[in-house]
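Each chain, letter by letter, is given below.
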Amino acid sequence: MSERPPRADRPPATDVSALHDPGRLRSLAETGLDAVPDEAFERFARLVSDLLDVPVALVSLVTGTRQFFPGAVGLPEPWAERRETPLSHSFCQHVVDIEIPMVLPDARLYPRVRHNLAIAELGVVAYAGIPLTDLEGRVLGSLCAIDSKPRAWTATQLRTLSDLAAACSSELRLRIALDGAEEARRRAEEAHDRLELLSGLSEILSGTLDVDTAVRRLADAVVPLLADWALVTLVDRARQPRRATGVHRDPAQAAAVARFAELMTTRLSSRSVTRTVLRTGQPVLGATATDEDLARATDDPEMIALVRQLGFASHLTVPVPVPASGGAGVMGTITLINGAGRRAFDDTDLRTAVEIGRRAGQAVGNSWMYGEQRHVAEVLQHSMLPSLPESPLVELAARYQPVADRVEVGGDWYDAFVQPDGDLMVAIGDVAGHDIEAAATMGQVRNLVRGDAFGRTDPVHEQMSRLDAAISGLRIPTAATATLARITRTADGLAVSWCNAGHPPPLVVTADGAVRTLNGTREPLLGLTRPSRRTSRQTTLAAGDTLVLYTDGLVERRDRPIDESLAELVDLLAGTARLPLAELCDLLLASHQRWEDDVALLTVRAR
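Procedures and definitions
Residue positions within a chain follow its written sequence, with the count starting from 1. Only residues with pLDDT of at least 70 get local features here, since the model is predicted, and only at 80 or more are side-chain atom pairs given and counted; chain-wide, interface and lining totals rely on the full set of residues. In computing side-chain properties, one takes all heavy atoms of the structure into account and sets aside hydrogens as well as water. In plain words, nonpolar cores are sets of buried Ala, Val, Leu, Ile, Met, Phe, Trp, Tyr and Cys residues tied together by side-chain atoms within 4.5 Å. Burial classes follow relative accessibility: with a 1.4 Å probe on protein chains only, a residue under 20% of its type's maximum area counts as buried, one over 50% as exposed, and anything between as partly exposed. Strands here mean DSSP runs of E at least two residues long; helices mean DSSP runs of H or I at least four residues long; both are numbered from the N terminus. Working rule for contacts: check all heavy atoms of both residues, and any pair within 4.5 Å makes them a contact. A fitted line through C-alpha atoms represents every axis, and for helices the fit uses only the stretch in contact; the resulting angles, taken between N-to-C directions, go from 0 to 180 degrees. By the definition adopted for this analysis, an angle is roughly parallel if under 35 degrees, roughly antiparallel if over 145, roughly perpendicular if from 65 to 115, and oblique otherwise. Handedness of a helix crossing follows the sense of rotation of the near helix relative to the far helix, less than a right angle counterclockwise being left-handed and clockwise being right-handed. When residue character is reported, Ala, Val, Leu, Ile, Met, Phe, Trp, Tyr, Cys and Pro are called nonpolar, Asp, Glu, Lys and Arg charged, and the others, Gly included, polar. Following DSSP output, two strands are said to pair if at least two bridges run between them.

Q: I'm lost on the nonpolar core in this one. Help?
A: The nonpolar side chains of a soluble globular protein tend to be buried, and buried together. Counting 32 residues, the largest nonpolar core has Phe41, Val48, Leu61, Leu132, Leu143 and Trp153 as its most contacted members. The dominant element in this core, judged by the number of residues it contributes, is helix α7 (residues 155-179), at eight residues. When neighbours within four sequence positions are excluded, Val48 is seen to be in contact with Asp53, Val54, Ala57, Leu143, Cys144, Ala145, Leu161 and Leu164. Core analysis: the second largest hydrophobic core is formed by 31 residues, Val215, Val222, Val232 and Ile334 among them.

Put into structure tokens, the structure is as follows:
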């Protein structure tokens with residue numbers, strides 16, 4: 001979704017037929033909603049306010065003369081009590097008109113709305129509104145987020161608002177469908193429960209990025225509300241069932257339904273309803289289950305015995321579509337089954353199940369993609385990190401710790417290699433960014449360090465200067481921090497010469513457990529417009545001393561100054577001289593329960 005306000009800068013339309021379209025107004029009336037709070041839509045408003053951190057959030061439905069709010073958070077008085085405004089105070093009427101999202105960082109700058117009284121009397125400045133539609137695609141109103149000051153809406157915020165608007169539209173569609181059914185009175189309690197399920201399903205499923213957990217929650221949500229038992233089946237890349245999860249309303253049947261789900265991955269025939277829905281992407285309703293249904297599904301005697309034990313009088317199966325596939329891709333199915341003691345499924349059940357399948361596709365698809373992307377990211381990141389060399393001068397150990405809840409590849413790196421004369425070069429750095437571009441740039445910078453430094457004996461500050469010049473000359477678009485050090489054997493131990501380009505200071509843990517910081521003026525970052533003059537500094541390592549190099553993720557915290565975090569790190573390192581390097585690295589990474597940034601860590605202990 002573009003963050004540019006679509007068509008918001010054109011003058012107000014003179015054709016208001018969209019507002020007065022009879023079909024649209026009929027759908028609006030069939031929702032049964034008015035200017036009174038409705039808990040389901042209040043929940044959507046609260047979610048928008050909480051997730052987008054805005055003071056005002058509205059579920060706004062627009063008639064030909066007014067807009068009213070069945071869901072509202074943060075409206076000023078007297079509008080909060082009235083829960084409606086005339087169209088003179090309505091931005092949402094324009095969403096109905098243009099039929100696409102309207103996103104305004106500062107409404108006062110756009111001719112379409114800058115004279116709207118909502119700016120002066122309701123304090124509307126920043127506005128993001130997503131259409132709410134009926135089954136025919138007619139726009140009934142808008143799910144909107146409002147701020148009283150200019151705001152640059154992010155892509156993540158707009159995706160979240162769009163997802164919530166899709167769920168809110170589904171809620172409206174269900175209200176419309178139920179309104180036309182005279183039997184709604186007889187099934188009022190059941191219908192209410194279904195609405196509650198659908199209203200909360202996205203929230204239920206969005207609480208985890210683990211596929212198995214999401215599938216189990218989905219199955220638990222529909223049993224026993226919608227069916228006596230249910231099966232959720234996911235496919236592999238060949239669109240064949242690869243895992244199935246079953247839930248039965250009777251806990252005594254747990255083992256039986258689990259076994260049936262296990263057999264579904266290998267014993268279903270090509271003519272089974274599940275495979276048919278996976279193949280066609282179309283739902284199947286069996287209002288009355290028959291022996292022929294069983295015969296088409298499988299010829300396995302165990303499956304047939306199990307399904308009869310579990311109850312099989314009515315069934316329906318709907319696809320779980322791949323998000324944003326336009327219905328062309330199916331990642332799985334949801335099967336609902338009733339026994340003889342429960343009414344048969346009908347078209348209303350089918351519509352509800354199809355909507356559940358769509359929402360499940362969004363949630364499970366996100367979980368699935370997250371898992372795959374995170375795996376690819378971790379493999380890619382670790383493939384870019386080197387194997388540490390063997391050196392008679394020192395022992396080496398290193399770690400890379402990605403942020404736990406992120407799938408992006410990062411720009412943190414470390415390196416160590418032995419020179420032809422036996423000296424050891426060590427380096428650590430951090431390229432700005434957390435994406436594929438940052439990782440690619442990190443690889444370039446690390447290779448530049450290796451390619452330039454290998455075989456050379458000139459001071460490390462000259463090598464750092466050449467690296468800076470290479471980044472500038474090759475027009476590598478980055479800003480990076482780095483520390484480069486050369487370790488040489490001398491009569492007094494190991495001499496360390498290092499150069500620091502904007503990186504956190506190295507630390508030395510002496511053999512007696514004391515910790516000293518290799519301070520000095522941190523020179524500017526690499527990759528700035530004008531390369532800076534670099535300098536080298538020297539220190540020595542006695543036998544048993546440990547040099548600790550790390551990226552800023554180890555010490556930077558949003559809630560505290562960097563000096564406090566560095567002091568904590570020094571305290572943590574005190575007395576660790578005898579700790580094996582691998583255990584020392586693990587200790588440092590275990591010092592926080594949740595990392596805010598990736599961490600690269602390289603430790604070097606003098607022999």
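Now that the structure has been shown, the text picks up again.
Q: Just checking my understanding: could you explain the packing of helix α10 (residues 254-267) against helix α13 (residues 301-310) for this structure?
A: Two quantities define a packed helix pair, namely the angle between the helix axes and the distance between the axes. Look at α10 against α13: their axes get within 10 Å of each other, and the N-to-C directions meet at 140°. As judged from the angle between their axes, α10 and α13 are oblique. The element α10 and its partner α13 pack so that their crossing is left-handed. On the side of α10, the interface is formed by Ala256, Val257, Arg259, Phe260, Leu263, Met264 and Arg267, while α13 contributes Glu302, Met303, Leu306, Val307, Gln309 and Leu310. Along the lines of polarity and charge, the residues of the contact of α10 with α13 split into nine nonpolar, one polar and three charged.

Q: Would you mind showing me how to read unusual backbone geometry here?
A: With the exception of glycine, the majority of residues adopt a negative phi angle, and the majority of peptide bonds are in the trans configuration. With an omega of 5°, the peptide bond running from Glu77 to Pro78 counts as cis. In this fold, Pro78 is placed in the loop between β2 (66-73) and α4 (79-82). Between Val223 and Pro224 the backbone carries a cis peptide bond, its omega angle lying at 5°. As for its position among the elements, Pro224 is in the loop between α9 (211-222) and β7 (229-235). Unlike most non-glycine residues, Asp53 shows phi in positive territory, near 55°. When you line up the elements, Asp53 lands in the loop between α3 (39-52) and β1 (56-62). Even without glycine at this site, Glu99 takes up a positive phi of about 65°. Residue position: Glu99 is located in the loop between α5 (92-98) and β4 (102-104).

Q: Just to check I follow, could you spell out the sheet that holds β1 for this structure?
A: Strand pairing in a sheet relies on backbone hydrogen bonds. The paired strands run either parallel or antiparallel. As summarised here, the arrangement of the six strands in space is β3-β2-β1-β6-β5-β4, forming an open sheet in which the pairing is antiparallel. Across the chains shown, the open sheet's two edge strands, defined by having one partner strand only, are β3 (84-86) and β4. Geometrically, the sheet is characterised by an average inter-axis angle of 25° between neighbouring strands, direction not taken into account. As paired elements, strand β5 (residues 126-133) and strand β6 (residues 139-147) share eight bridges and run antiparallel to each other. Paired with Leu132 across the bridge in β6 is Gly141. Where α3 meets the sheet, it contacts β1, β2 and β6, and its direction lies at approximately 70° from that of β2.

Q: For this particular structure, what's the right way to read the side chain of Asp106?
A: You can see Asp106 is positioned in the loop between β4 and α6 (117-122). Sequence-distant contacts of Asp106, that is, excluding residues within four places in its chain, are made with Val125 and Pro150.

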